[in-house]
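For reference, the chains in residue letters:
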Amino acid sequence: MAEAGSFADRVKQQADIVRVVGEYVRLKKSGQNFTGLCPFHAEKSPSFAVHPTKQIYHCFGCGVGGDVFKFVMEMEKCAFPEAIRIVAEKCGIAVPRQKERSPEERKENQQRAVLVEIHREAQTFFVKQVEGTVEGKAARAYLEDRELDKDAIARFGIGYAPSGGDALLRHLKHKYNEKLLVESGLVSRDQSAGRLFDRFRRRITFPISNESGKIVAFGARALGDDMPKYLNSPETPIYSKSNVLYHMDRAKEGIRRQDFAILVEGYMDAIAVARAGISNVVASCGTSLAEPQIKLLGRFTRRVIVNYDPDTAGQIATERSLSLLLEQDFEVRVLALPPIGDRKADPDLFIREKGAEEYLKLLKEAPPYVDYLIARARQMDLTSGEGKRQAVNFLLPYVQKIPNRILRSEWATRIAQQLRLDEPVLRAALSKAAAERRSEVKIRPELVGRAAKPVERRLIRMLAEAEGFRQELAKQLQNACLYHGLETEKIFAALVIASLSGQPLEATEVGAVLEERDRRLLFEILFEEANEPTWEEAMSCIEALQHRQAERELADVQRSIEANPPGQELRGLLEKKQELMRRLAAAR
């Protein structure tokens, strides 16, 4: 393709294919070559190789291969001349003016160039407004209240769009025609009157750059109570929101160097994290994460920490992002920040209130996504079979997206332990759902277990009928918290309160404070045939509950150990694990 002596040949001679490919594929040195996961087909083990001496690439899996131009043409879906330009720009080689192949192409290229120029001028205009106008003082006061000083405002190019409604329009219209201004997305047209007006009015502006650092759009936050609170540029010939991540132009080197990215929701969150000294942060600009954005991330890393807002919308966005990231075989952790007093904390608020060091500490401790999702599932009503089915069905879509069989097996174990399900039956149900490509597990009695295990049923009967020792039994159950977390917890709590009162127990009075499901179970147990209760049998049942409690504690401790906590905390967990193991061994 590249003729000897041509510009293309000169670019090919000077280009470093490892550097160019490395912007799209995470490469590792392997002998004389570099290897990575092939970007042209799905694979788990790297079969894609780049030869730095011969300046070629080849995938031993799908067979694709070629030179640096062929690679860029495939990745960017562009023609050969465009690939030459891209490679030249990546390698810092000046590109001579080229003749467009057609009038249409020339027109499109000219339009894109002018739109980029308009955005550059708009950015200059917005910055001047925040620096030197009366309205700009109010904007600066707002930013200072968010702890953004003059240096931070300049560093991130934050500006201000005045409230007049046509200030930017008047600034630009002497140089650009109306059609181009509307195409830019910075100016809108009133459909009824045909009047032009500024899209952004009385708003703080945040420039949105593409990967190469060119401003292609703006995000804007209302300074007052105007709605919507945040307003972005519309789709234009130079801006597609699903292809751009805020701060990626500044973050990509940090992401590649540290081999992970922090994904937040908005501009202020990304700015706060970056100012905390963490450069590898990007934001999805308040929109749902899209597949092209994930592929853009995948050019620099396959590891992500999702740190979205903790409100309901943020939780939904987190779960949707997890699905997409898992489909692309990313390693994902989730940071759910604790509240600040009675306020839910996003990254910006948390860093301002607690400081960068505390944020960094939590970032390092961010749990794998599996633990985050199970914690979400545990917030559901797990006291009923239907509630457990809903929790399993909440988790199932994520289980099905895990390509690694060992990880899927670990998931099943954790789900069974955390939701207190029969593990073999759960595994069978998950396998069947996966084989049938169903998105939910059908309810089965074996999966959720009986409403109460024999030991629980026997103790409930004793609390209701063993007049000789039910008060002492209630004390022991309450002091050791033995019924906490059981499906029958509410029944036990009502019976313990009634027993400790010292008054004769009336089953109907106890049943009256229970929900319908628990009331029916209580009466079902009371109607079962049973032998006369004895204290020895009661102690045997208590020992069984203590054993189950120790097993649950041991599982919780083991998960905490696997999270790799700091040294002193780890030593305490190891000591507790040994103590629990001794208790369980002594009880056998």
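What comes next concerns the included structure. Because the structure is predicted, anything quoted here is derived from the model rather than measured.

1. Side note on the pairing of strand S15 (residues 331–334)
Move 1: Across the two faces of S15 the burial differs, with Val332 and Val334 buried and Glu331 and Arg333 not buried at all.
Move 2: Here strand S14 (residues 303–306) runs beside S15; their pairing, made up of four bridges, is parallel. When the sheet's bridge partners are listed, Arg303 is paired in S15 with Glu331.

2. Here's the deal with unusual backbone geometry
Move 1: One non-glycine residue, Arg202, adopts positive backbone phi at about 50°.
Move 2: Judged by relative accessible area, which is 35%, Arg202 ranks as partly exposed.
Move 3: Notably, His247 is not glycine yet its phi reads approximately 80°, a positive angle.
Move 4: If you trace the backbone, His247 turns up in the loop between strand S11 (230–232) and helix H10 (248–258).
Move 5: Using a relative accessible area of 6% as the deciding quantity, one classes His247 as buried.

3. Here's the deal with helix H22 (residues 470–479)
Move 1: Those residues of H22 that fall on the buried side of the exposure criterion are Arg470, Leu473, Ala474 and Leu477. Taken down its axis, H22 places every buried residue within 100° of arc, on the same side.
Move 2: Positive phi shows up at Cys481, right after H22, with a value of about 55°.

4. With respect to helix H15 (residues 356–364)
Move 1: The set of residues buried in H15 consists of Tyr359, Leu362 and Leu363. Summarising the axial view, the buried residues of H15 lie within an arc of 105°, below the 170-degree limit, and thus occupy one face. Of the exposed residues in H15, the ones pointing more than 90 degrees away from its buried face are Glu357 and Lys364.

5. Some remarks on the sheet that holds strand S4 (residues 56–59)
Move 1: The strand order across the open sheet built from five strands is S1-S2-S3-S4-S5, with neighbouring strands paired in antiparallel fashion. Two strands lie at the open edges of the sheet, namely strand S1 (28–30) and strand S5 (65–66), each paired on one side alone.
Move 2: One ladder, built from four bridges, connects strand S3 (residues 48–51) with S4; its direction is antiparallel. Following the sheet pairing, Val50 is matched in S4 by Tyr57.

6. Quick look at the side chain of Arg461
Move 1: Mapping Arg461 onto the fold places it in helix H21 (residues 454–465).
Move 2: Separated by 2.7 Å, the side chains of Arg461 and Glu465 make a polar contact.
Move 3: Beyond its immediate stretch of four places on either side in the chain, Arg461 contacts Ala466, Ile525, Leu526, Glu528, Glu529 and Ala530.

7. With respect to the pattern of salt bridges
Between side chains of opposite charge, a pair can form as their charged atoms come close.
Move 1: This structure, assessed with the given rule, holds 25 salt bridges.
Move 2: In this structure, Glu89 engages Arg85 in a salt bridge whose closest nitrogen and oxygen atoms are separated by 2.8 Å. Placement of both Glu89 and Arg85 in helix H4 (residues 80–90) is noted, with a separation of four residues, approximately one turn of the helix.
Move 3: By relative accessible area, which is 46% here, Glu89 ends up partly exposed.
Move 4: The partner of Glu178 in a salt bridge is Arg189, with the nearest N and O atoms 3.8 Å apart. Here the residue Glu178 occupies a position in helix H9 (residues 178–184), and Arg189 occupies one in strand S7 (residues 187–189), the gap between them amounting to 11 residues.
Move 5: In this structure Arg189 comes out as partly exposed when scored by relative accessible area, which is 36%.

8. Remarks on the sheet that holds S14
Move 1: Across the sheet, four strands lie side by side as S13-S12-S14-S15; this open sheet has parallel pairing. Bordering the open sheet on either side are strand S13 (281–283) and S15, each of which pairs with just one other strand. The mean angle between the axes of side-by-side strands here comes to 25°, regardless of whether they run parallel or antiparallel.
Move 2: Sheet topology places strand S12 (residues 261–264) next to S14; three bridges connect them, and they run parallel. Bridging across to S14, Ile262 finds its partner in Ile305.
Move 3: In the packing of helix H13 (residues 312–327) onto the sheet, the strands contacted are S14 and S15, and the crossing angle to S15 comes to about 165°.

Definitions and limits used
Residues numbered from 1 in each chain as written. Predicted model: local features only at pLDDT ≥ 70, side-chain atom pairs only at ≥ 80, totals over all residues. Heavy atoms only, no water. Buried < 20%, exposed > 50% of the residue type's maximum accessible area, 1.4 Å probe, protein only. Helix = DSSP H or I, 4+ residues; strand = E, 2+ residues; numbered from the N terminus. Pairing = 2+ DSSP bridges. Arc of directions from axis to C-beta. Polar contact = N/O pair within 3.5 Å; in protein donor to acceptor, adjacent residues only side chain to side chain. Contact = heavy atoms within 4.5 Å. Salt bridge = Lys/Arg side-chain N within 4 Å of Asp/Glu carboxyl O. Axes fitted to C-alpha atoms, helices over the stretch in contact; angles between N-to-C directions.

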